[in-house]
Amino acid sequence: AVTLGPTRQTEVELIPTNEPNFGYTYHSPDGNRLGRGAGALPGSTPVDVPLRGSPEWIAAVQDGDTSVWAAVLEDGEVQAFVFEEGGVREIDITPGRLPPGMPPLLKVQGGKAEMVYAGGENASPLSHPAVLDPSGELLGYIDINGDVVIQEHGEEMDRLEVNALPDARLIVDEGGNILALSDPTRRYEHGVLGDDFEAASLTVIETKSEARVVLRIPVDEPAIFEGIDPIWVDMNADGVREIILTRSDANQGAQLVVSDNMGREIAAGPAIGQGYRWRNQLGAAPFDDSEGWDLVDVLTPHLTGVVEFYKLDGGKLEIKAQVSGYTSHVIGTRNLDMGLMGDFDGDQNIEALLPNQARTELGAIERSESGASVDWNLHVGGAVSSNLAAVTTPDGKIILGVGRQDGHLRIWLP
């Protein structure tokens, strides 16, 4: 019997006290790329930090009055920096190198920065651990054989036969429950996300009382789940999380699907209508004053790049607004985190921040009752090569950062 009950979404302190802080490439442990606080980005002057190579990933953590930023270069070298009132300075970080291609999970505690790494040589080099408790001592990671391993204080506690994708991101709620894309298959070889394997199922894992698989949600053939992480967020403002996935097949292409925690489909958006065309799900946020949150994705980010805003209404998931000319992914990479949502200009409205097709500017797209439009743009100073990252200061201000192809980290400070 399935005992994993409805997962309730709760507000979490931005900066927990006496506990480590963690920085994810996808911003939140639940996979929702929504920043908290308010920014003043259109009028801010960016700071460019030279790196020793082109950054593939960045991660950031607010640590008291300072922010700590880490850049992972193409060869796996890690550089870390502290931004403080006196300027920016490079700091030591351990380990100083990750397996090339591995996404980072940044941990900062007491001014010390480290990359969270678990499992040693047996851990998948294409993913990173999931943090399962506030102390950061209880971790879950994907083994090279597809098992999900629970580790506490560096010791293996449990091992679950999940058959997880080697590049899956383990998405976690506040109760330590895990979502993992699983059962790799080649029945739909689109191959735009780094390899020819996609997920034939989603696995739900409980870790609080004991580590166990409580649910496996399959997708009917010939479809697959095309992505590396679901989004686990309360879309309809009822206090209970929904699971958001991208479902694809060779006939219809990609469509967004919203399910409850038991895997029962609530609604599905329109399919593209043509195979080998993809949607990149970004997240959900309260973009307008209407009931419920908007779900945002980018339709065909490698082609026309249409930013779509959906509304969940009962059993329907309908597109309510669109803006063309933006992207959220470079074909063939595992970086699905090039977009972010938040109030980046301090006007009390949420914007979706995404690179243009050339990746030289970030466009702030606002939603209104009449549709959606680009409110302002930020010049990157080159081409975006990493995910977007943001932190929130103790007084609620957003700091934004991005890695550039020319070997720089650009930060917009308050």
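It should be noted that the structure appears before, not after, this text.
Regarding the overall build of the protein
So, step 1. What the protein contains, in helices and strands, is zero helices and 34 strands.
So, step 2. Since a compact globule built from 414 residues should have a radius of gyration of about 22 Å, the 20 Å found for the protein is in line with a globular shape.
So, step 3. Taking the principal axes of the C-alpha coordinates as reference, the protein spans close to 55 × 55 × 35 Å.
So, step 4. Counting every position in the protein, which comprises 414 residues, the buried fraction comes to 58%.
So, step 5. Contacts in the protein between residues far apart in sequence, at least 24 positions, make up 51% of those at least 6 positions apart.
So, step 6. Accessible surface computed for the protein: about 15800 Å², of which carbon and sulfur atoms make up 45%.

Regarding the environment of Trp 376
So, step 1. Mapping Trp 376 onto the fold places it in strand β31 (residues 371-379).
So, step 2. For the pair formed by Trp 376 and Glu 174, sequence separation is 202 residues and the distance between their alpha carbons is 35 Å.
So, step 3. For Trp 376, the residues in contact, after removing those within four places along its chain, are Leu 41, Pro 42, Phe 344, Asp 345, Glu 351, Leu 353, Leu 362, Gly 363 and Ala 364.

A short note on the side chain of Gln 281
So, step 1. By the secondary structure assignment, Gln 281 is in strand β24 (residues 279-285).
So, step 2. Of the residues examined, Gln 281 reaches a relative accessible area of 6% and is grouped as buried.
So, step 3. Side-chain polar atoms of Gln 281 contact the backbone oxygen of Asp 229, separated by 3.1 Å.

A word on the pattern of salt bridges
So, step 1. For the structure on display, the rule yields 30 salt bridges.
So, step 2. Notably, a salt bridge pairs Asp 75 with Arg 97, separated by 3.6 Å at the nearest N-O pair. Here Asp 75 is found in the loop between β5 (66-73) and β6 (78-84), whereas its partner Arg 97 is found in the loop between β8 (93-94) and β9 (105-109), with 22 residues between them in sequence.
So, step 3. The partly exposed category is assigned to Asp 75, whose relative accessible area is 41%.
So, step 4. With relative accessibility at 47%, the residue Arg 97 sits in the partly exposed group.
So, step 5. The salt bridge partner of Asp 183 is Arg 216, with a shortest N-O separation of 3.3 Å.

A short note on the layout of surface pockets
So, step 1. Approximately 250 Å³ is the volume attributed to the second largest pocket.
So, step 2. Taken together, 14 residues line the second largest pocket, and the ones lying closest to its centre are Asp 65, Phe 83, Glu 84, Glu 85 and Ile 399.
So, step 3. Listing elements by their share of the lining of the second largest pocket, those giving two or more residues are β5 and β6.

Observations regarding the sheet that holds strand β34 (residues 408-412)
So, step 1. Taken in spatial order, the four strands of this open sheet run β3-β34-β33-β32, and their pairing is antiparallel. Across the chains shown, the open sheet's two edge strands, defined by having one partner strand only, are β3 (46-50) and β32 (384-392). The sheet shows a mean angle of 20 degrees between the axes of neighbouring strands, taken without regard to direction.
So, step 2. Two strands pair when backbone bridges link them, and β3 and β34 are joined in this way by five bridges, in the antiparallel orientation. Residue pairing in the sheet places Pro 46 in a bridge with Trp 412 of β34.

Looking at the packing of aromatic side chains
Here the distance between the centres and the angle between the planes together describe a pair of aromatic rings.
So, step 1. Considering all chains together, one arrives at four aromatic pairs under this definition.
So, step 2. Relative to Phe 83, the ring of Trp 69 has its centre 6.5 Å away and its plane inclined at 75 degrees; by these criteria the two rings are edge-to-face. Here Phe 83 lies in strand β6 and Trp 69 lies in strand β5, a separation of 14 residues in the sequence.
So, step 3. For Trp 69, a relative accessible area of 0% gives the class buried.
So, step 4. Taking the relative accessible area as the measure of exposure, Phe 83 reaches 6% and is therefore buried.
So, step 5. On the numbers, 5.1 Å between centres and 85 degrees between planes, the contact of Phe 287 with Phe 309 is edge-to-face. Of this pair, Phe 287 sits in the loop between β24 and β25 (294-299) while Phe 309 sits in strand β26 (residues 306-313), and the two are 22 residues apart along the sequence.
So, step 6. Overall, the relative accessible area of 3% leaves Phe 287 in the buried class.
So, step 7. With relative accessibility at 0%, the residue Phe 309 sits in the buried group.

Overview of the pairing of strand β30 (residues 361-368)
So, step 1. For β30, a buried count of six out of eight residues is recorded, marking the element as mostly surrounded by other parts of the structure.
So, step 2. Sheet topology note: the strand β29 (residues 351-355)/β30 ladder contains five bridges and is antiparallel. Bridging from a neighbouring strand, Leu 353 pairs with Ala 364 of β30.
So, step 3. Two successive antiparallel strands, β29 and β30, enclose a turn made up of five residues, where Arg 359 displays a positive phi of approximately 65 degrees.

Quick notes on the side chain of Ser 328
So, step 1. Residue placement: Ser 328 occurs in the loop between β27 (316-323) and β28 (340-343).
So, step 2. Among the residues examined, Ser 328 registers a relative accessible area of 2% and is labelled buried.
So, step 3. A polar atom in the side chain of Ser 328 sits 2.8 Å from the side chain of Asn 280.
So, step 4. Every residue in contact with Ser 328, bar those within four places of it in the chain, is listed here: Asn 280, Val 298, Pro 301, Asn 335, Leu 336, Met 338 and Leu 354.

Definitions and limits used
- Residues numbered from 1 in each chain as written.
- Predicted model: local features only at pLDDT ≥ 70, side-chain atom pairs only at ≥ 80, totals over all residues.
- Heavy atoms only, no water.
- Helix = DSSP H or I, 4+ residues; strand = E, 2+ residues; numbered from the N terminus.
- Rg over C-alpha atoms; globule rule 2.2 N^0.38 Å.
- Buried < 20%, exposed > 50% of the residue type's maximum accessible area, 1.4 Å probe, protein only.
- Contact = heavy atoms within 4.5 Å.
- Areas by Shrake-Rupley, 256 points an atom, 1.4 Å probe, with all protein chains shown as cover.
- Polar contact = N/O pair within 3.5 Å; in protein donor to acceptor, adjacent residues only side chain to side chain.
- Salt bridge = Lys/Arg side-chain N within 4 Å of Asp/Glu carboxyl O.
- 1 Å grid on protein atoms, 1.4 Å probe; cavity = no way out; pocket = protein on both sides within 12 Å on 5 of 7 lines; lining within 4 Å.
- Points joined across faces, edges and corners; volume = space filled by probe spheres on them.
- Pairing = 2+ DSSP bridges.
- Axes fitted to C-alpha atoms, helices over the stretch in contact; angles between N-to-C directions.
- Phe/Tyr/Trp six-rings, centres within 6.5 Å; stacked < 30°, edge-to-face > 60°.

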